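# Structural description and commentary
Single-letter residue listing:
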Amino acid sequence: MLLARCVLAVVSPDHSRVITAQLTGERHFAEPPLTLFVRRRFHEVIARLEAGATVPVLLAAPTAPTGHVDAETLVTRMELLDGAEPLEADFLQALLRLPRRSEPALAVRAGRLTSRAGAVLAAWLRDGGLPDPVVGWAVEPVRRRSPYSSLMEEVVEAHARVEPATALPEPLTEPLGELWALERTTGYPGYAHDLEWWPSIMPSHREVLAAHLLEYLPTSGDTEVLAALVHGEGPLGAATAGVIAVGMGHERHRQRAAAADAMITLAARGQLPAADLGAAVASLLQAGLLKLNRVTAVLEEVVMAGAHAEVWSVLAAALPPILPRQGHRPAPGLGDLLAVAVRTATLSEASADLEGLAELAARRGGSRVVEQARSLARVVASGGSGG
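Now for a look at the structure at hand. Since the model is a prediction, treat every value here as computed from it, not as a measurement. (Residues numbered from 1 in each chain as written. Predicted model: local features only at pLDDT ≥ 70, side-chain atom pairs only at ≥ 80, totals over all residues. Heavy atoms only, no water.)

### Quick look at helix α15 (residues 292–304)
Test applied: Runs of E in the DSSP output that reach at least two residues are strands. Runs of H or I that reach at least four are helices, and both are numbered from the N terminus. Multiplying 1.5 Å by the residue count of a helix minus one yields the expected span of that helix. Under the scheme applied here, a residue whose accessible area is under 20% of the maximum for its type counts as buried, over 50% as exposed, and between as partly exposed, the area being computed with a 1.4 Å probe on protein chains only.
Taking 1.5 Å per residue as the helical rise, α15 with its 13 residues ought to reach 18 Å, and the 18 Å between its terminal C-alpha atoms agrees with that figure. Taken together, the buried positions of α15 are Leu292, Arg294, Val295, Thr296, Val298, Leu299, Val302 and Val303.

Right under this line is the structure:
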């Protein structure tokens, strides 16, 4: 829709101005911060075109499939402005698309720019961009209005938190503050229809992006965004693990396959936050937000791709919290998950002391869960030989 508005502003500025006037103030619901960020960039371009003006170049046009903008290219684009101030949202988007590292000489070159934005760019390149915020998430109870009545009900959901580790530089505090701070959605669950845009907005800040996705992916469902997320740069941790775990639980195989692809990509790069992913899977399973058979199917796909060691690391963290204790029944599908654990532990020649495993293996009977627990106990006691 916004792309069509841009085209209209080019071919018929008069008609575009009429539509802009009609749509002003039409938003009746809260939108995600990343959606609003993209919308502002479109609107400033539309306003420029409606005024009959243009710019020499759009600073934030990507130079890489991930959405990154090459630092030297951005400095060159800024030089084309010849001291004029760039469009604000376009400039901010360009900053967020810079790689995390650049040549020191580029900061010196940017320091020769005479605009206020030039000074911001020089500082960004000199300091290595914005400091990474503190990111986390948790499964927690939330009171929401029932979608089927006017009554309030308590539901359990996963929600992320983002807090700046240090104050943002003064010129960026207001325009970027909403991206570096995130609280859980209120009212109805958060929904976003444009998740495919999000990875290219912050390709150098994967963990921050993952936190924003975690707030909206469960209701939006487009897990294919995970493939683009993991191809970026920046730290990976609990939020990335949480959003991949959510993707593993999608009801459709195609969407679960996107989570598997994300895991395989990170495993190939040696970047998979396996312990965090195991903890996320356990947390969501215990809260009833994942189905075990779906998780098992994804892990099997990843094992078939050759990432058995990474899957074992995930399971080594996931199993202790979900193994049934004395007097409790195992979760449906646990036997199949344990079978994957036996296979990956064997292939990885793993040795481990998993809390609750010996107790489960010592139970009487020959159920699949108990048999697989016994097999796993033998394997991890013997360093993968199963002897």
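### Digging into empty space enclosed by the protein
Vacant regions in the atomic arrangement are exposed by a probe of water-molecule size rolled over the atoms. Put simply, the test is: Cavities and pockets are defined on a 1 Å grid built over the protein atoms alone: a cavity is a set of grid points where a 1.4 Å probe fits but cannot escape, while a pocket is an open set with protein on both sides within 12 Å along at least five of seven lines, and lining residues are those with an atom within 4 Å of any such point. Grid points are joined across faces, edges and corners, and a volume is the space filled by probe spheres set on the points. Under the convention adopted here, Pro, Cys and the residues Ala, Val, Leu, Ile, Met, Phe, Trp and Tyr are nonpolar, Asp, Glu, Lys and Arg are charged, and Gly plus all remaining residues are polar.
Taken as a whole and judged by the stated rule, the model has one cavity of 30 Å³ or more. Taken as a whole, the largest cavity spans an internal volume of roughly 40 Å³. The wall of the largest cavity is formed by Met78, Leu81, Gly83, Ala84, Leu113, Thr114 and Ser115. Across the lining of the largest cavity, the residue classes break down as four nonpolar, three polar and no charged.

### Examining helix α16 (residues 308–322)
Since the α-helix packs 3.6 residues into each turn, any two residues three or four apart lie on the same face. Our working rule: Here the bend at each residue means the angle between axes fitted to two seven-residue stretches, the one ending at that residue and the one beginning there. Here, residues are in contact when the closest pair of their heavy atoms is within 4.5 Å.
In this model, α16 (15 residues) spans 20 Å end to end at C-alpha, consistent with the 21 Å of a helix rising 1.5 Å per residue. Residue Ala316 marks the point of greatest curvature in α16, where the axis turns by about 25 degrees; the proline Pro320 follows within four residues. Along α16, the residues that are buried comprise Val311, Trp312, Val314, Leu315, Ala318, Leu319, Pro320 and Ile322. Buried residues along α16 sit against α14 (274–286), α15, α17 (334–348) and α19 (368–381).

### With respect to the pattern of salt bridges
Our working rule: The term salt bridge refers to a side-chain nitrogen of Lys or Arg lying within 4 Å of a carboxyl oxygen of Asp or Glu.
For the coordinates displayed, the defined rule picks out twelve salt bridges. Residue Arg325 is joined to Glu355 by a salt bridge in which the shortest nitrogen-to-oxygen separation is 3.8 Å. Linking Arg325 in the loop between α16 and α17 with Glu355 in the loop between α17 and α18 (357–361), this pair joins segments that are 30 residues apart in sequence. The partly exposed category is assigned to Arg325, whose relative accessible area is 28%. Taking relative accessible area as the criterion, Glu355 reaches 55% and is therefore assigned exposed. Asp336 is paired through a salt bridge with Arg368; the nearest N and O atoms lie 2.9 Å apart. Here Asp336 is found in helix α17, whereas its partner Arg368 is found in helix α19, with 32 residues between them in sequence. Arg368 sits in the partly exposed class, given a relative accessible area of 44%.

### So, the packing of α16 against α17
Axes are the key here: two packed helices are described by the angle between their axes and the distance separating the axes. Heads up, the rule is: Angles here are taken between N-to-C directions and fall from 0 to 180 degrees, while the axes themselves are lines fitted to C-alpha atoms, restricted in helices to the stretch in contact. To sort the angles, those under 35 degrees are grouped as roughly parallel, those over 145 as roughly antiparallel, those from 65 to 115 as roughly perpendicular, and the leftovers as oblique. For any pair of crossing helices, the crossing counts as left-handed if the nearer helix is rotated counterclockwise from the farther one by less than a right angle, and right-handed if it is rotated clockwise.
Where α16 meets α17, the axes come as close as 9 Å, and the angle between the chain directions of the two elements is 135 degrees. Judged on the interaxial angle alone, α17 and α16 are oblique. Pair α16 / α17 crosses with left-handed handedness. Contacts between α16 and α17 involve His308, Ala309, Val311, Trp312, Leu315, Leu319 and Ile322 on the former and, on the latter, Leu334, Leu337, Leu338, Val340, Ala341, Thr344, Ala345, Leu347 and Ser348. Of the residues belonging to the contact of α16 with α17, the class tally is 13 nonpolar, three polar and no charged.

### A short note on unusual backbone geometry
Residue Asp82 is not a glycine yet carries a positive backbone phi of 55 degrees. Inspection of the secondary structure puts Asp82 in the loop between α4 (71–80) and α5 (88–96).

### Side note on the side chain of Asp90
Heads up, the condition is: By the criterion applied in these results, polar contacts are pairs of N or O atoms within 3.5 Å in which, for protein atoms, one can donate a hydrogen and the other can accept it, and in which residues neighboring in sequence qualify only through two side-chain atoms.
Inspection of the secondary structure puts Asp90 in helix α5. Asp90 sits in the buried class, given a relative accessible area of 2%. Here Ala60 takes part through its backbone nitrogen, which lies 3.1 Å from a polar atom of the side chain of Asp90. Apart from the residues within four sequence positions on either side, Asp90 is in contact with Arg41, Glu44, Val57, Leu58, Leu59 and Ala60.

### Brief notes about the packing of aromatic side chains
Counted only if it meets this: A pair of aromatic rings is counted whenever rings of Phe, Tyr or Trp (Trp by its six-membered ring) have centres within 6.5 Å, and the orientation is called stacked for planes under 30 degrees apart, edge-to-face for over 60 and tilted otherwise.
By the definition in use, this model includes one aromatic pair. Ring geometry for Trp198 and Tyr216: centres 5.7 Å apart, planes at 85 degrees, overall edge-to-face. Separated by 18 residues along the polypeptide, Trp198 in helix α9 (residues 198–201) and Tyr216 in helix α10 (residues 206–220) bring together distant segments of the chain. Taking relative accessible area as the criterion, Trp198 reaches 0% and is therefore assigned buried.

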